[in-house]
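Residue-level listing of the chains:
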Amino acid sequence: MDRFDWKPFAVLSVLLGYLFVFGKLYTLMLLTRAGMYCIVTIGMCLLVGYAGQVSIGHAAFYAIGGYTSAILTIRYGVPLWGGLVCAVALSCAVAFLIGIPTLRLRGHYLAMATLGFGVIVYSLIHSSIEFTGGSSGISGAPPLTLFGTNLAEDGGIFYFLFVWINVAVFMLLAGNIIRSRPGRALMSIHGNEEAANAAGVNTSAFKLKVFVLSAGMAAYAGFLYVHYDGFIGANSAELMLSVIFVAMVAVGGMANLWGTLCATVLLSLLPEFLRRTQKVKAADLPDFIHNSLGLSDTQIFKLIQKFQELDVLIYGLIIIVFMIFMPQGIFTGTADMFRTLARRVRAVRGKRRVSDAS
Amino acid sequence: MSLLSQIIQFTFSGLANGGTYILVALGLNIIYNATGIINFAQGEFAVFGSFIMITLCMAWGIPAPVAFPITVLALAGIGALFHRTAIAPLKKPSVITMVIITIGGSIFMRGVAMLIWGKYPQRLDPFIDAPPIRFMDAIIKWDTLLVLVIVALVVAALYWFFEKTVTGKAMRACAENREAALLMGINVDRIVLLSFALSAALGAVAGVVYTPGASMEYGRGPYFGLRGFEVAIIGGLGNSVGAVLAGILIGLFETFSAGFLSPTYKEAITLALLLLVLFVKPSGILGKAEVARLKDF
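From a predicted model like this one, the values you see are computed outputs, not experimental measurements.

What counts, and at which threshold
Residues numbered from 1 in each chain as written. Chains lettered and ligands numbered in written order. Predicted model: local features only at pLDDT ≥ 70, side-chain atom pairs only at ≥ 80, totals over all residues. Heavy atoms only, no water. Helix = DSSP H or I, 4+ residues; strand = E, 2+ residues; numbered from the N terminus. Rg over C-alpha atoms; globule rule 2.2 N^0.38 Å. Buried < 20%, exposed > 50% of the residue type's maximum accessible area, 1.4 Å probe, protein only. Contact = heavy atoms within 4.5 Å. Areas by Shrake-Rupley, 256 points an atom, 1.4 Å probe, with all protein chains shown as cover. Lys, Arg positive; Asp, Glu negative; His and termini not counted. Charge placed at Lys NZ, Arg CZ, Asp CG, Glu CD. Buried area = accessible area lost by both parts, 1.4 Å probe. Salt bridge = Lys/Arg side-chain N within 4 Å of Asp/Glu carboxyl O. Polar contact = N/O pair within 3.5 Å; in protein donor to acceptor, adjacent residues only side chain to side chain. Axes fitted to C-alpha atoms, helices over the stretch in contact; angles between N-to-C directions. Parallel < 35°, antiparallel > 145°, perpendicular 65-115°, else oblique. Nonpolar A, V, L, I, M, F, W, Y, C, P; charged D, E, K, R; others polar. Expected span 1.5 Å × (residues − 1). Phe/Tyr/Trp six-rings, centres within 6.5 Å; stacked < 30°, edge-to-face > 60°.

Engineer: Report on the overall build of chain B, specifying residues and quantitative values.
Structural biologist: Counting its regular elements, chain B contains twelve helices and four strands. Rg of the C-alpha trace for chain B: 19 Å, near the compact-globule value of 19 Å for 297 residues, within the 12% margin. Projected onto its principal axes, the C-alpha positions of chain B cover 60 × 50 × 35 Å. Going through the 297 residues of chain B one by one, you find that 54% of them count as buried. Expressed as a percentage of contacts within chain B between residues at least 6 apart in sequence, the contacts between residues at least 24 apart total 74%. As displayed, chain B has an accessible area near 12,800 Å², and 68% of this comes from carbon and sulfur atoms. Of the side chains in chain B, 20 bear a positive and 15 a negative charge, and the two mean positions are spaced by 6 Å.

This is the structure in structure tokens:
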């Protein structure tokens, strides 16, 4: 069917090279975080987009990864790689235990179970203060070192590179899975589970495998996060984050890895972008606004403060608009849009030519 | 306080909470039956209902018996608007697309609530301002009893609506089999619109009965949504009788576990019940496995 496509990888590496050399440190920091989310959503894309199993609890796996490694390395002096292995193993084991009863069944029982599970993890992190630090979180996790260099040094420019190389490797891996036998099995499950079963695909085993894989990837991302920031808080397990992970895959066009990648980067940068465009001061506003509204500076300041809270609202709106107008995802959606645009332009030109001739 | 009066106290507050959850769960069930999706904005309907009630009663001084129907109607309008602007324009509606839209809708409504009513909790005066009933050391507020009466009335009214009226029967027919309903001349699109309006109105009632004596803040939506969701699943998705039973069960379980086991881990313990039911009997306490197999979600 479709073979390995190197072009997106080439574009990605050129982009990364450019950012590595010319990017501002702040941009790189934001993109490093986005890259960690990408690792989560690549796994989610396999699970939600290809196998059609919705999970609304992946932030919990992300948090399990981060907290496990943080607690082990800080409290028990376990080396980093030990923290990594335990984090991923614990997350996979938990996913396995949840997956066994729920993935036997057809339908979206996984969504319901993971929703409950995610909130349980959040409330456990929040309430077992002596173990997880409660709402103040855990800080002081050792930074990630590779070949004797601290990756988080120099504003984390090497961390940026490291995370994104990881993303590329996972993209490669996920692409290979999709093009191979298991990938076709996953898609057949999404298409029609009974038919897949009848065709000899052990559907529950495949669903379980991809769920455990995606949970492990989320835990790995959590590990990367905690040894970058040094800090992890209960908000990393929030229901909202799990929901946003699903939204990222959906906006990316479900069964579309590169679309998911783009959507993840866009949606993780969006809140920051919205916050920044709203940082307008009352004095920056043109005079006619002051005069026509007849408001004092403090009143206008309050008004602006109100509008700065719009970011949540716009975030929700963007998700709705994407799903209504581009249900096939940003990648295919934008391509389709250009195609229709080109067709319209051609049609208009054609008409003009006809009218010129007559 | 003796053990018996503690039990009485917990029973009443548990039933009152359970009543709220039942209303949210019934709203979820109605939309689920009409469209096959879980509406993630259901909790936000409750938050909006509560805030509109607070504005009407506290800021504008409208008496509660008048403000209550206005709030419910307003939410019915919001529900219908939500369907018309966000769900209806979909060209090829799939379950997952609609679910993501309701997620976007819940985020959007949370933003709107924060913008209009601010970030701080707001309170609502009790409906009945009389000294509470004392019964064997247990203190039962009049509002708690009022909540129970309202929930019982709403459930009874819904039962009558679905069993006796033509529209209600049409809605049940759609839940049973959309294509067949369409062939029998039922306007399915209008039924879906009605479902959203009705379910938002139920959300409003849930929000309103929850608030007096307590407070409401903009971020409460997911809490209502989650509890309603848990009740709906334990009762068997789409099964209204199951939702009523499960609501009572969860309400009582929540208050009793907080009172006797651990208030800190109340949330985790209550949700563990959800996982238990999903693992042991995934179709819910009253759900039938055969019915569950036919559903998309």
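Engineer: How would you summarise the interface of chain A and chain B if you had to cite specific residues and measurements?
Structural biologist: In this complex, chain A contributes 42 residues to the contact, which on the side of chain B involves 43 residues. Buried surface at the junction of chain A and chain B, summed over both partners, amounts to about 3,700 Å²; 81% is from carbon and sulfur atoms. For the pair chain A and chain B, the interface holds zero salt bridges. Here chain A and chain B share zero residue pairs in polar contact (both at pLDDT 80 or more) between them. Of all the elements in the fold, those that place two or more residues in the side of chain A that touches chain B are α4 (80-103), α5 (109-127), α11 (239-251) and α15 (310-325) of chain A. With twelve residues, the single largest contributor to the side of chain A that touches chain B is α5(A).

Engineer: Before we move on, can you summarise the packing of helix α1 (residues 3-35) of chain B against helix α9 (residues 221-234) of chain B with the specific residues and values?
Structural biologist: Residues and elements named next belong to chain B. Closest axis-to-axis distance for the α1/α9 pair is 8 Å, and the angle between their directions is 75°. As far as their axial angle goes, α9 and α1 are roughly perpendicular. Seen from α1, the contacting residues are Thr20, Tyr21, Val24, Ala25, Leu28 and Asn29; seen from α9, they are Tyr223, Phe224, Gly225, Arg227, Gly228, Phe229, Val231 and Ala232. Each residue belonging to the contact of α1 with α9 can be placed in one class, and the counts come to nine nonpolar, four polar and one charged.

Engineer: Tell me about the environment of B:Ile100, and please be specific about residues and values.
Structural biologist: Along the polypeptide, B:Ile100 turns up in helix α4 (residues 95-117). The class for B:Ile100 is buried, based on a relative accessible area of 0%. Sequence-wise, B:Ile100 and B:Asn39 are 61 residues apart; in three dimensions their C-alpha atoms are separated by 9.2 Å. Apart from residues no more than four positions distant in its own chain, B:Ile100 is found in contact with A:Val246, A:Ala247, A:Ala250, A:Ile319 and A:Met323.

Engineer: Could you give an account of helix α5 (residues 142-164) of chain B, naming the residues involved and the relevant values?
Structural biologist: Residues and elements named next belong to chain B. Between the first and last C-alpha of α5 there are 32 Å, a value that for 23 residues agrees with the 33 Å anticipated at 1.5 Å per step. Within α5, the full set of buried residues consists of Asp143, Thr144, Val147, Ile150, Val151, Val154, Leu158, Phe161 and Phe162. Each element contacted by the buried residues of α5 is listed here: α1, α3 (64-87), α6 (166-176) and α8 (188-210).

Engineer: So what's going on with the packing of aromatic side chains? Residues and values would help.
Structural biologist: Residue and element names in this part refer to chain B. By the definition in use, this model includes 23 aromatic pairs over all chains. Here Tyr21 and Tyr223 contribute two aromatic rings whose centre-to-centre distance is 6.5 Å and whose plane-to-plane angle is 75°, an arrangement assigned as edge-to-face. You can see Tyr21 sitting in helix α1 and its partner Tyr223 sitting in helix α9, a full 202 residues away along the chain. Judged by relative accessible area, Tyr21 falls into the buried class, the value being 1%.

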